[in-house]
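Secondary and tertiary structure notes
One letter stands for each residue in the lines below.
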Amino acid sequence: LNFIIGQISSLLVRLYSQTKNPEHLSAIRRAVQPLWSSNITRAYFNQKHLWLEEYPLNSSTKGLFVLNGCLYTLIGLIDVYTIDPQIYLLELINQISNSLEHMLPLYQHPQISNWSLYDLSHLTLRTQPNTASYAYHLVHITLLQCLSQIFQKINPSIANLFDSYAQRFQSAIN
């Protein structure tokens, strides 16, 4: 769900940037509203790290914590913030960045060196580790590289974190 909201938001930002139509800005605000106002789209890892769920579950404490879904959503939020700098958007971006800072190490596969996990269901639902497919592993690398570039100017420490995981995951396929 959030993955779609992030992508739609990015598309609407580009449309608004071209047209400056206030209806497009209004559509952007409506699109991202569930991300900051609804517990349906959120989960909390260890009851403290906010995550925007791609597949919301009934409980805010038992999420899947899908990596690419949250990364796509974060990019969408950043895109929206560039044209509509609202404090609640910045707070949400900072909360997700903080969560990623603490949670990215958990996405390293426990048995396959430098390979990513699709989600954290092995920790939250006590299942087997959900190994990212080759395609999703590449998506993780690309999204982390993208976020590293975005954060270079606003938070170099987070940018370096994203870059280090992109390189680490990349090393598994080189």
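Worth saying up front: this structure is predicted, and the values here are computed from it rather than measured.

Here we come to the overall build of the chain. The number of helices and strands found in the chain is 7 helices and 2 strands. Reading the secondary structure of the chain in the N-to-C direction produces α-α-β-β-α-α-α-α-α. Taken against the 2.2 N^0.38 rule, which gives 16 Å for 174 residues, the C-alpha radius of gyration of the chain at 16 Å falls within 12% of a compact globule. Along the longest, intermediate and shortest principal axes, the C-alpha atoms of the chain span 50 × 35 × 25 Å. Out of the 174 residues in the chain, the part that is buried amounts to 46%. If you sum the accessible surface of the chain, you get close to 8700 Å²; carbon and sulfur atoms cover 53% of it.

Let us look at helix α6 (residues 134-154). Over its 21 residues, α6 extends 31 Å from the first C-alpha to the last, a length consistent with the 30 Å expected when each residue adds 1.5 Å. Here α6 has its buried residues at His137, His140, Ile141, Leu143, Leu144, Leu147, Ser148 and Phe151. Those residues of α6 that are buried are in contact with α3 (67-83), α4 (87-103) and α7 (156-171).

This brings us to the nonpolar core. Of all hydrophobic cores here, the largest spans 46 residues; its most connected members are Leu100 and Phe151. Every element with two or more residues in this core is listed here: α1 (2-19), α2 (22-37), β1 (42-45), β2 (49-52), α3, α4, α6 and α7. The element contributing the most residues to this core is α3, with 8 residues.

This paragraph deals with the packing of aromatic side chains. Overall, the coordinates contain 7 aromatic pairs when judged by the stated rule. Ring geometry for Trp51 and Tyr107: centres 5.9 Å apart, planes at 20 degrees, overall stacked. Placement of the pair is Trp51 in strand β2 and Tyr107 in the loop between α4 and α5 (121-124), with a sequence separation of 56 residues. Pair check on accessibility: Trp51 and Tyr107 agree, each one buried. Connected via pairs of aromatic rings, a cluster forms that spans Phe45, Trp51, Phe65 and Tyr107. In this structure, Arg168 packs its charged tip against the face of Tyr165, placed 4.6 Å from the ring centre.

Here we take up the packing of α6 against α7. Axis separation between α6 and α7 bottoms out at 7 Å; the angle between their running directions is 155 degrees. The orientation of α6 relative to α7 falls into the category roughly antiparallel. The chirality of how α6 crosses α7 is left-handed. Counted together, His137, Ile141, Leu144, Gln145, Leu147, Ser148, Phe151, Gln152 and Ile154 of α6 and Pro156, Ile158, Ala159, Asn160, Phe162, Asp163, Tyr165, Ala166, Phe169 and Gln170 of α7 form the full contact between these two elements. Taken together, the residues that form the contact of α6 with α7 break down as 12 nonpolar, 6 polar and 1 charged.

Calculation notes
Numbers given to residues run from 1 along each chain, matching the order in which its sequence is written. Local features in this predicted model are restricted to residues of pLDDT 70 or higher, and side-chain atom pairs are both shown and tallied only at a pLDDT of 80 or more, whereas totals for entire chains, interfaces and linings draw on every residue. By convention in this description, side-chain values take in all heavy atoms of the structure and omit both hydrogens and water. Here a strand is any run of E in DSSP of at least two residues, a helix any run of H or I of at least four, and the numbering for each starts at the N terminus. Note on method: radius of gyration uses C-alpha positions; expected globular size equals 2.2 Å times residues raised to 0.38. Working definition: with a 1.4 Å probe on protein chains only, accessible area under 20% of the residue-type maximum means buried, over 50% means exposed, and in between means partly exposed. Note on areas: Shrake-Rupley, 1.4 Å probe, and residue coverage restricted to the protein chains presented here. Helix span is expected to be 1.5 Å times the residue number reduced by one. For this analysis, residues touch if any pair of their heavy atoms sits within 4.5 Å. Only buried residues count toward a nonpolar core. Its members are Ala, Val, Leu, Ile, Met, Phe, Trp, Tyr and Cys residues joined through side-chain atoms within 4.5 Å. Working definition: a ring pair exists when centres of Phe, Tyr or Trp rings (six-membered ring for Trp) sit within 6.5 Å. Plane angles under 30 degrees give stacked, over 60 give edge-to-face, the rest tilted. For a ring to carry a charge above it, either NZ of a lysine or CZ of an arginine must fall within 6 Å of the ring centroid while also lying within 35 degrees of the normal to the ring plane. Interaxial angle, 0 to 180 degrees, is taken between N-to-C directions of lines fitted to C-alpha atoms, where a helix line uses only the stretch in contact. Angles are sorted into four bins: roughly parallel if under 35 degrees, roughly antiparallel if over 145, roughly perpendicular if 65 to 115, and oblique for all others. Take the far helix as your reference; a near helix turned counterclockwise from it by less than a right angle gives a left-handed crossing, and one turned clockwise gives a right-handed crossing. Three residue categories are used. Nonpolar comprises Ala, Val, Leu, Ile, Met, Phe, Trp, Tyr, Cys and Pro, charged comprises Asp, Glu, Lys and Arg, and polar comprises the others, including Gly.

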